[in-house]
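# Structure assessment
This is what each chain is made of:
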Amino acid sequence: MALHFERDEYSARLNRLLAEMQEQKLDAVLLFAQESMYWLTGYDTFGYCFFQTLIVKADGSMTLLTRSADLRQARQTSIIENISIWVDRVNADPTLDLKNLLSDMDLLGARIGIEYDTHGMTGRVARLIDNQLSTFGQLIDASYLVGGLRLIKSPAEIAYARRAAELADDALDAALPLIKAGGDEADILAAMQGAVFSGGGDYPANEFIIGSGEDALLCRYKAGRRKLEANDQLTLEWAGASAHYHAAMMRTVVIGEPSLRHRELYKACLETIQAIEEVLRPGHTFGDVFDTHARILDERGLSRHRLNACGYSLGARFSPSWMEQQMFHVGNQQEILPDMTLFVHMIIMDSDSGTAMTLGHTYLTTEGAPEPLSRRGLDLIVC
């Protein structure tokens, strides 16, 4: 069995979930987020692109409803013992199978929590579930139940996050010799992803971001490659991944002599991150982090060039995003607590001058100052 944690760890996670279910008076929860299933049981698959759910009852019993293609996947990678299969067929409605299964589990009339806000739940599936179960029991939106529990990482999880950060550093080390005039984005991207794989890491939950020239101002991956010029800029956002745990980094690398605008924006990024390190600790909130970011950049006249978020929680995640639910944005009252893995990024995109500047890496929170997980500093990289 391919488990990444000891059985005692899974038992502790289940007990935490059951305590929260009792607090919210839930008789059962239907988990649709793959990371929730992975965190609770070890179940590792991309089969969540089809209908599947893990039913957790208040007595601690668990049953997975999935397709035949994932039967062996669940047996091999998880602690789940009860697995039911819904059959692929024309006009199949697996929510009817779910309703019958819930009835067999004596949950008629129960108070049932459902993870609606996840990539494993399409709009069509949500409508089918509501149609089948609205008169079956009381449905409660439990989208953030497990996500909230996952914010605090165990020592074993932190070990994977540290390894992920090492792999992220290795990826940058592999890229730097290739970042030069005439260097090809394709070679850079291949070297970075190859370093993660050769180090025993995983596919990330979303694509690495790479863009040079005017595309250095983009914050998303896109198809197409170009070669670097003698005076250029290259924005990279990537993550190391170990057992699906992520540690992200972000840099804008300058090729040739940095412009005055590059240096000005870099100074703003660095000073902002240094200020955030003073509030990235217990006693503050995620909203405080964003407020610090907005205040400093706005004081420098950069409000039009910054984003409306400056980072987020990281952990074990599946495609299409390595971002956990909690983000650094205005008004977020989530407390910062020890043993969170948090990615702080500064992204300044000056479309007026065509200048990009980004800076960021992942931190482990402690009782005091946050610990950067990267072995690299935050110096401006010039190649």
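Check the entry above for the structure.
These remarks concern the structure in this document. (Residues numbered from 1 in each chain as written. Predicted model: local features only at pLDDT ≥ 70, side-chain atom pairs only at ≥ 80, totals over all residues. Heavy atoms only, no water.)

What follows concerns the overall build of the protein chain. The secondary structure content of the protein chain amounts to ten helices and 14 strands. In terms of overall dimensions, the protein chain is globule-like: its C-alpha atoms have a radius of gyration of 22 Å, near the 21 Å expected for 383 residues. For the protein chain, the C-alpha atoms occupy an extent of roughly 70 × 45 × 35 Å along the three principal directions. In the protein chain, buried positions account for 56% of the 383 residues. At a minimum sequence separation of 6, the contacts of the protein chain that also span at least 24 residues come to 68%. Taking the 35 positively charged and 52 negatively charged side chains of the protein chain as two groups, their mean positions are separated by 3 Å. (Helix = DSSP H or I, 4+ residues; strand = E, 2+ residues; numbered from the N terminus. Rg over C-alpha atoms; globule rule 2.2 N^0.38 Å. Buried < 20%, exposed > 50% of the residue type's maximum accessible area, 1.4 Å probe, protein only. Contact = heavy atoms within 4.5 Å. Lys, Arg positive; Asp, Glu negative; His and termini not counted. Charge placed at Lys NZ, Arg CZ, Asp CG, Glu CD.)

What follows is about helix 4 (residues 94–104). Every buried residue belonging to helix 4 is among P94, T95, L98, L101 and L102, and all of these are buried. Angular distribution of buried residues about the axis of helix 4 spans 115°; they occupy a single face of the element. Those residues of helix 4 that are buried lie in contact with strand 1 (28–31), strand 2 (53–57), strand 3 (62–66), strand 4 (82–85), strand 5 (111–114) and helix 5 (123–133). Downstream of helix 4 by a residue or two, D106 has a phi angle that is positive, lying close to 65°. (Arc of directions from axis to C-beta.)

With that settled, the discussion passes to helix 9 (residues 260–276). When the terminal C-alpha atoms of helix 9 are compared, their 24 Å separation across 17 residues agrees well with the 24 Å that a helix rising 1.5 Å per residue should span. Restricting attention to buried positions, one finds in helix 9 the residues H262, L265, Y266, A268, C269, L270, T272, I273 and I276. For helix 9, the secondary structure elements touched by its buried residues are strand 8 (232–242), strand 9 (245–255), helix 10 (286–299), strand 12 (341–350) and strand 13 (355–364). (Expected span 1.5 Å × (residues − 1).)

Turning our eyes to something else, we now look at the pairing of strand 2. For strand 2, a buried count of five out of five residues is recorded, marking the element as mostly surrounded by other parts of the structure. Side chains T53, I55 and K57 project from strand 2 onto one buried face, and the interleaved L54 and V56 project onto a second face that is buried too. The pairing of strand 1 with strand 2 spans four bridges and is antiparallel. Counted as the bridge partner of V29 is V56 from strand 2. Sheet topology note: the strand 2/strand 3 ladder contains four bridges and is antiparallel. When the bridges of strand 3 are listed, I55 appears paired with T63. Connecting strand 2 to the antiparallel partner strand 3 that follows it, the hairpin turn spans four residues, and G60 within it adopts a positive phi of roughly 95°. (Pairing = 2+ DSSP bridges.)

Within a beta sheet, neighbouring strands are joined by backbone hydrogen bonds and run either parallel or antiparallel to one another. On the basis of which strands lie adjacent, the open sheet formed by six strands has the order 4-3-2-1-5-6 and mixed pairing. What marks the edges here is a single partner per strand, and that holds for strand 4 and strand 6 (138–141). On average, adjacent strands in this sheet sit at an angle of 25° to one another, irrespective of strand direction. Note that strand 3 and strand 4 share four bridges and pair parallel. Within strand 4, the position partnered with T63 by the bridge is N82. The strands touched by helix 4 within the sheet are strand 1, strand 2, strand 3, strand 4 and strand 5, with strand 3 carrying the most contacts at an inclination of about 160°. (Axes fitted to C-alpha atoms, helices over the stretch in contact; angles between N-to-C directions.)

These figures capture arrangement, not role.
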